[in-house]
Amino acid sequence: MQNIAIFGATGSIGGSTLDVLSHYKDRYQVFALTANSRVEELVRLCESHHPRIALVADESKKDELAFALKSRGLSDIEVWAGESDLVRLAALPEVDVAVLAIVGAAGLAPTFSAARAGKRLLLANKESVVCGGALLMKSIKEHGAELLPVDSEHNAIFQCLTSASDEDRKNARLILTASGGPFRKRMDLTEVTPEDAVAHPTWNMGRKISVDSATLMNKGLEVIEASWLFGFPPDRIDVVIHPQSLIHSMVQYADGCILAQMGAPDMRTPIAYSLGWPERLDGFAKRVDFAALGSVTFEAPDIQRFPQLGYAYEALRMGGAASIVLNAANEIAVEAFLDRRIRFLDIARACRHMMDTMVLAAPKSLPEVLAADREARIKTREVIAQW
Ligand code: NDP
């Protein structure tokens, strides 16, 4: 039995993980569940999965959580709260696997804690790699942790690289696929609403990442992630639009051979792969019906309409804290867009402005990463407030 702690259990990845775990109760035990502030949702999950620990990151909700659990007859579940408990939980000896599915920079501290404690990390939280890539990879190596990428693209690349020698890797190219998002065919993006932007054509995801898919920032963040996770420079990472989301990503080797990983667009598949690795768990996800699918298509991304993809390459090449600045600017701008304070095209404008005006040295520690992130957020908020 392996003990699983799910950080961000009340979110989209958290829910998919719990669904996978419910199929393998003989192998995995839900040990801990965390949420930010949605106590009711967390309690509902505690009722169905009965973890040993329930954690709410917003400390002011601790009593509410304790009371709600008690009133449902679940007072045997330990109540933890706050960021320091998130960090403590990730390093707890009883935890075998940490599923890191918190959205945003709040996911960095527990991710680094799990790495330092030598855990198996099922990593969905993009920001940990985008902001702390070099430091995180170093920590994983030093502490003998295992990093299994949950994001479908990186999980696909992980699978396509398994049999590659160091020499093969040196000359290979990564090809990340992108669905193209809801606006692939929409030329005029000036009047896009939050409802339009979160309506993803193939994937069912949280609101922030859905907007990132609509701007192609998500693909840009994935380019940065892929560079750190697999040690590839930006000029050996390509992006191709593939609207059917059948091929999750590919690796092209020096001899021209391409390995592609395919499957239905269902996050439960990469989650199950990462849980079971190096074994494959018996599948329960939908099978692909190639005959019904008919054809698959590819096209180049439109960098003019979706400039944030280009900004991500630029940030990687700039180095320093450019990826942190880009990520923070995007997160604040997406939040403002979802709150209807700025327009869709202002998200890219905020990212551009911040990259042009804020140049910070490469952070040397997690506190420096978090400080750079905080500074970039404050500046972005100030800029947006003036628009
Ligand atoms: P959701 O918005 O659906 O869920 C986010 C989770 O994080 C919730 O449990 C939320 O708690 C918690 N959370 C939010 N803020 C904080 C905070 N400050 N401190 C602690 N916990 C917090 O996100 P997704 O599941 O869509 O995405 C999670 C991560 O995985 C993101 O980094 C995303 O980019 C990445 N990812 C997602 C994919 C997907 O298909 N959804 C695919 C690949 C990667 P509460 O409910 O209480 O607010």
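By convention here, each chain's residues receive numbers from 1 onward along its written sequence. Totals for whole chains, interfaces and linings use all residues, but because this is a predicted model, local features are given only for residues with pLDDT of at least 70 and pairs of side-chain atoms are given and counted only at 80 or more. Computation of side-chain values covers all heavy atoms of the structure but excludes hydrogens and water.

Colleague: So what's going on with the sheet that holds strand 7 (residues 146-149)? Which residues, and what values?
Modeller: Strand order in the open sheet made by the seven strands is 4-3-2-1-5-6-7, with parallel pairing throughout. Of all strands in the sheet, those with a lone pairing partner are strand 4 (78-81) and strand 7, marking the two edges. Going from strand to strand, the sheet's axes swing by 20 degrees on average, the running direction of each strand aside. Two strands pair under a simple rule: DSSP has to find at least two bridges between them. Segments assigned H or I by DSSP are reported as helices when at least four residues long, segments assigned E as strands when at least two residues long, and all are numbered from the N terminus. Here strand 5 (residues 97-100) runs beside strand 6 (residues 120-123); their pairing, made up of four bridges, is parallel. When the bridges of strand 6 are listed, Leu100 appears paired with Leu123. Taken strand by strand, helix 6 (residues 126-142) contacts strand 6 and strand 7, and its axis lies near 165 degrees from that of strand 6. Only the stretch in contact is used when fitting a helix axis, every axis being a line fitted to C-alpha atoms; angles between N-to-C directions are given from 0 to 180 degrees. Contacts are residue-level and defined by heavy atoms, with any inter-residue pair within 4.5 Å sufficient.

Colleague: Tell me about the pairing of strand 6, and name the residues and values.
Modeller: Sheet faces and side chains relate simply in a regular strand, where the side chains alternate between the two faces. For every residue, the accessible area obtained with a 1.4 Å probe (protein chains only) is divided by the maximum for its type, and the residue is called buried under 20%, exposed over 50%, and partly exposed between those limits. Side chains Arg120 and Leu122 of strand 6 all project onto a buried face; the interleaved residues Leu121 and Leu123 project onto the opposite face, where all are buried too. Following the chain from strand 5 across helix 5 (residues 108-116) to the adjacent parallel strand 6, one finds a crossover that is right-handed. Crossovers are described as right-handed under a simple rule: with the strands pointing away from the observer, the path leading from the first strand over the helix to the second runs clockwise. Between the parallel elements strand 6 and strand 7, the chain passes through helix 6 in a crossover that is right-handed.

Colleague: Break down the pattern of salt bridges for me, with residues and values.
Modeller: Each salt bridge in this description consists of a side-chain nitrogen of Lys or Arg and a carboxyl oxygen of Asp or Glu lying within 4 Å of one another. A full pass over the atoms with the stated rule returns 31 salt bridges. Close ionic contact of Asp85 with Arg88 constitutes a salt bridge, the shortest N to O distance being 3.2 Å. Here Asp85 and its partner Arg88 are both found in helix 4 (residues 83-91), three residues apart, which amounts to about one turn of the helix. Residue Asp85 is classed as buried on the basis of its relative accessible area, which comes to 13%. A salt bridge links Glu222 to Lys219; its shortest N-O distance comes to 2.6 Å.

Colleague: Got a sec to walk through the nonpolar core? Specific residues and values, please.
Modeller: As used in this record, nonpolar core signifies buried Ala, Val, Leu, Ile, Met, Phe, Trp, Tyr and Cys residues forming a set joined through side-chain atoms within 4.5 Å. Core analysis: the largest hydrophobic core is formed by 132 residues, its most contacted members being Leu89 and Leu275. Here this core gets twelve residues from one element, more than from any other, and that element is helix 15 (residues 322-338). What Leu89 contacts, discounting residues up to four positions off in sequence, is Phe7, Phe31, Ala32, Thr34, Ile53, Leu55, Trp80 and Val95.

Colleague: If you had to explain the packing of helix 5 against helix 6 to someone new, which residues and values would you point to?
Modeller: Close contact between helix 5 and helix 6 brings their axes to 10 Å; oriented N to C, the two are set at 15 degrees. Considering their axes alone, helix 5 and helix 6 lie roughly parallel with respect to each other. Along this stretch, helix 5 crosses helix 6, giving a crossing that reads as right-handed. Contacts between helix 5 and helix 6 involve Leu108, Thr111, Phe112, Ala115 and Arg116 from the former and Glu127, Ser128, Cys131, Gly132, Leu135, Leu136, Ser139 and Ile140 from the latter. In terms of residue class, the contact of helix 5 with helix 6 is made up of seven nonpolar, four polar and two charged. Any angle between 65 and 115 degrees counts as roughly perpendicular, while under 35 counts as roughly parallel, over 145 as roughly antiparallel, and the rest as oblique. Handedness of a crossing is defined here by the sense of rotation of the near helix relative to the far one, left-handed for an anticlockwise turn of less than a right angle and right-handed for a clockwise turn. Polar here means any residue other than Ala, Val, Leu, Ile, Met, Phe, Trp, Tyr, Cys and Pro, which are nonpolar, and Asp, Glu, Lys and Arg, which are charged; Gly is therefore polar.

Colleague: Tell me about the side chain of Arg120, residues and numbers included.
Modeller: Relative to the helices and strands, Arg120 resides in strand 6. If sequence neighbours within four positions are ignored, Arg120 has contacts with Asp96, Val97, Ala98, Glu146, Leu148, Ser274, Leu275, Gly276, Trp277 and Pro278.

Colleague: Describe the pairing of strand 4, listing the residues and the values that go with them.
Modeller: Looking at chain direction, strand 3 (residues 53-56) and strand 4 are connected through four bridges and run parallel. Bridged to Leu55 within strand 4 is Trp80. What joins strand 3 to strand 4 is helix 3 (residues 62-71), and the crossover it makes is right-handed.

Colleague: Residue-level account of helix 12 (residues 268-276), with values.
Modeller: Within helix 12, eight of the nine residues are buried, which leaves the element mostly enclosed by the surrounding structure. What helix 12 keeps buried is the set Arg268, Pro270, Ile271, Ala272, Tyr273, Ser274, Leu275 and Gly276.

Colleague: Go over the side chain of Glu222, please, and point to the residues and values.
Modeller: By secondary structure assignment, the location of Glu222 is in helix 11 (residues 217-230). In this structure the side chain of Glu222 is engaged in a polar contact, spanning 3.2 Å, whose partner is the side chain of Lys126. Look past the residues within four positions of Glu222 in its chain and what remains in contact with it is Lys126, Asp151, Glu153, His154 and Leu176. N or O atoms within 3.5 Å of each other form a polar contact, as long as, within protein, one can give a hydrogen and the other can take it, and as long as residues adjacent in sequence are counted only when both atoms are side-chain atoms.

Bear in mind that shape data such as this cannot, by itself, settle questions of function.
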